[in-house]
Amino acid sequence: MSEPNVEYQKPIPVPDEASRPFFEGMKNHELVLMRCTNCRRWRLPSAQRCPECWSLDWTWENASGRGTVYTFAVMHHVLHPGFAGEAPYNVTVVALEEGPRYQTNLVGISNKDIHVGLTVLATYEDINEETSLLKFRPAT
């Protein structure tokens, strides 16, 4: 958990009605995902219909927060001024233990030490009083 950053300069995601529980979970430092009540498949991003069985029935459930690095890139070119002080920085796709993949940044690790298959755990960056972002760190 990090201290809130009042001078956050990067883009801040804006939840819509479908994603609001996911973002509320992050605010509470919980990874909350949609799960089909029919076939029990987890889904991310949130969607009305299950991609597996096409059911319209779901619940929001806490996920484990565990995953592995599926792929990653180290960005040297700054595409938004908010990232200028962090270049080079990583953009990482984490395969969650529950199945979905999530694009994020790894923290608490040097870019040179990131590798596919690395076991990671969820952590949260509090960027203001209303918003926390899901990041991942190496599992110890």
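Residue numbers restart at each chain and count upward from 1, following the sequence in its written direction. Residues qualify for local features only when their pLDDT is at least 70, as the model is predicted, and side-chain atom pairs are given and counted only at 80 or more; totals for whole chains, interfaces and linings, by contrast, use all residues. Excluding hydrogens and water, the side-chain values take into account all heavy atoms of the structure.

(A) Spatial organisation of the nonpolar core. Counting 19 residues, the largest nonpolar core has Phe 22, Leu 31, Leu 106, Leu 134 and Phe 136 as its most contacted members. To qualify as a helix, a DSSP run of H or I must reach at least 4 residues; to qualify as a strand, a run of E must reach at least 2; elements of each kind are numbered from the N terminus. At the level of secondary structure, the elements contributing two or more residues to this core comprise α1 (20-27), β5 (89-96), β7 (119-126) and β8 (132-138). Ignoring anything within four residues of it in the chain, the contact list for Leu 106 reads Val 69, Asn 90, Thr 92, Val 94, Ile 114, Leu 118, Val 120 and Phe 136. Here, nonpolar core refers to any group of buried Ala, Val, Leu, Ile, Met, Phe, Trp, Tyr and Cys residues whose side-chain atoms link them within 4.5 Å. In this scheme, a residue with accessible area under 20% of its type's maximum is buried, one over 50% is exposed, and one in between is partly exposed, where area comes from a 1.4 Å probe on protein chains only. Any two residues whose heavy atoms approach within 4.5 Å are treated as being in contact.

(B) Fine view of α1. Where α1 is concerned, the buried positions are Phe 22, Phe 23, Gly 25 and Met 26. All buried residues of α1 fall inside an arc of 155° around its axis, so they share one side. Where α1 is buried, its residues touch β1 (32-36), β3 (58-62), β6 (101-104), β7 and β8. His 29 lies just past α1 and shows a positive phi near 60°. The directions from the helix axis to the C-beta atoms are what the arc is built from.

(C) Examining the pairing of β7 more closely. Taking burial as the measure, the eight residues of β7 include six buried ones, the bulk of the element. Two strands pair under a simple rule: DSSP has to find at least two bridges between them. Inspection of the sheet shows strand β4 (residues 66-75) paired to β7 by three bridges, in the antiparallel sense. Bridged to Gly 67 within β7 is Val 120. Here β7 pairs with β8 via seven bridges, running antiparallel. When the bridges of β8 are listed, Tyr 124 appears paired with Leu 134. Linkage of β7 to β8, two consecutive antiparallel strands, is achieved through a turn of five residues.

(D) Focus on the sheet that holds β5. With respect to topology, five strands assemble into an open sheet ordered β6-β5-β4-β7-β8, the strand pairing being antiparallel. Strands with a single pairing partner mark the edges of an open sheet, and in this sheet they are β6 and β8. Averaged over all pairs of adjacent strands, the angle between their axes in this sheet comes to 35°, without regard to strand direction. As paired elements, β5 and β6 share four bridges and run antiparallel to each other. For Val 93, the partnering residue across the bridge sits in β6 and is Gln 103. To define axes, lines are fitted to C-alpha atoms, for helices over the stretch in contact only, and angles between the resulting N-to-C directions are given on a 0 to 180 degree scale.

(E) Structural view of the layout of surface pockets. Of the grid points, spaced at 1 Å and generated over the protein atoms alone, those admitting a 1.4 Å probe that cannot get out make up cavities, while open sets with protein on both sides within 12 Å along at least five of seven lines make up pockets; any residue with an atom within 4 Å of a point is treated as lining. Grid points are joined across faces, edges and corners, and a volume is the space filled by probe spheres set on the points. Reported here for the largest pocket is a volume of approximately 390 Å³. Gln 103, Thr 104, Asn 105, Leu 133 and Lys 135 are the residues nearest the centre of the largest pocket, which is lined by 17 residues in total. Mapped onto the lining of the largest pocket, the elements with two or more residues apiece are α1, β5, β6 and β8. Here the term charged refers only to Asp, Glu, Lys and Arg, the term nonpolar to Ala, Val, Leu, Ile, Met, Phe, Trp, Tyr, Cys and Pro, and the term polar to all other amino acids, Gly among them. In terms of residue class, the lining of the largest pocket is built from 12 nonpolar, three polar and two charged. Estimates place the volume of the second largest pocket at around 200 Å³. For the second largest pocket, the lining is made up of 16 residues, of which Glu 86, Asn 105, Leu 106, Val 107 and Lys 135 are closest to its centre. Elements with a contribution of two residues or more to the lining of the second largest pocket: β5 and β7. Considering each element in turn, the lining of the second largest pocket owes the most residues, three residues, to β7. When grouped by side-chain class, the residues that make up the lining of the second largest pocket number seven nonpolar, five polar and four charged.

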